Amino acid sequence: MLMSLRDERGAPDPGEPRAALERVLEHFAALDLVPVAALELEFYLIDRERLDHRQPQPPLDPRSGKRESAVSVFGLDDLDRYQGFLTDLSAAARRQRVPLSAASKEYAAGQFEPI
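Rules used in this analysis
- Residues numbered from 1 in each chain as written.
- Predicted model: local features only at pLDDT ≥ 70, side-chain atom pairs only at ≥ 80, totals over all residues.
- Heavy atoms only, no water.
- Helix = DSSP H or I, 4+ residues; strand = E, 2+ residues; numbered from the N terminus.
- Buried < 20%, exposed > 50% of the residue type's maximum accessible area, 1.4 Å probe, protein only.
- Contact = heavy atoms within 4.5 Å.
- Salt bridge = Lys/Arg side-chain N within 4 Å of Asp/Glu carboxyl O.

J.: How should the side chain of D78 be read in this particular structure?
T.: For D78, the location among the structural elements is in helix α2 (residues 76-81). Judged by relative accessible area, D78 falls into the buried class, the value being 7%. Residue contacts for D78: discarding those within four places in its chain leaves E68, S72, K105 and F112.

As structure tokens, this is what we get:
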């Protein structure tokens, strides 16, 4: 969910990343500069069931039902196993007008990066 945090008066929360970006943009504008940046929308899939101390844990493999534990960078098998989720993610991104053309598997169990 894309959102910005505001206080009860509607003012930006100073610790919120978008508010920090707004302040940086104001400084750049005062210097007549235009910043250029890129974003990575990286995320982890986690299981709803938590560990003993409420720590998150990797998801269950959609095919085998076993807990994800292996590290895998750019694994095509991972993308294939999570195809249903990635298809839903693509549809949600389209509805929110978030450009998404592909996804890659990142290093940790359950870690992905839409591209």
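J.: Before we go on, may I ask you to explain the environment of L51 in this structure?
T.: Tracing the chain through its elements places L51 in the loop between β1 (43-44) and α2. Classification of L51 as partly exposed rests on a relative accessible area of 38%. Separated by 43 residues in sequence, L51 and E8 have C-alpha atoms that sit 35 Å apart. In contact with L51, other than residues within four places in its own chain, are P56 and Q57.

J.: Honestly, the pattern of salt bridges in this entry has me stumped. Any pointers?
T.: Where charged atoms from two side chains of opposite charge approach closely, those side chains can pair. Within the structure shown, the criterion is met by seven salt bridges. D61 is the salt-bridge partner of R81, the closest N and O atoms lying 2.6 Å from each other. Of this pair, R81 sits in helix α2 while D61 sits in the loop between β1 and α2, and the two are 20 residues apart along the sequence. Here R81 falls in the buried class, since its relative accessible area comes to 18%. For the salt bridge of R63 with D80, the shortest nitrogen-to-oxygen distance reads 2.6 Å. Placement of R63 in the loop between β1 and α2 and of D80 in helix α2 is noted, with a sequence separation of 17 residues between them. Under the relative-accessibility criterion, R63 is labelled exposed at 56%. Because the salt bridges share partners, they merge into one network encompassing D61, E68, D78 and R81.

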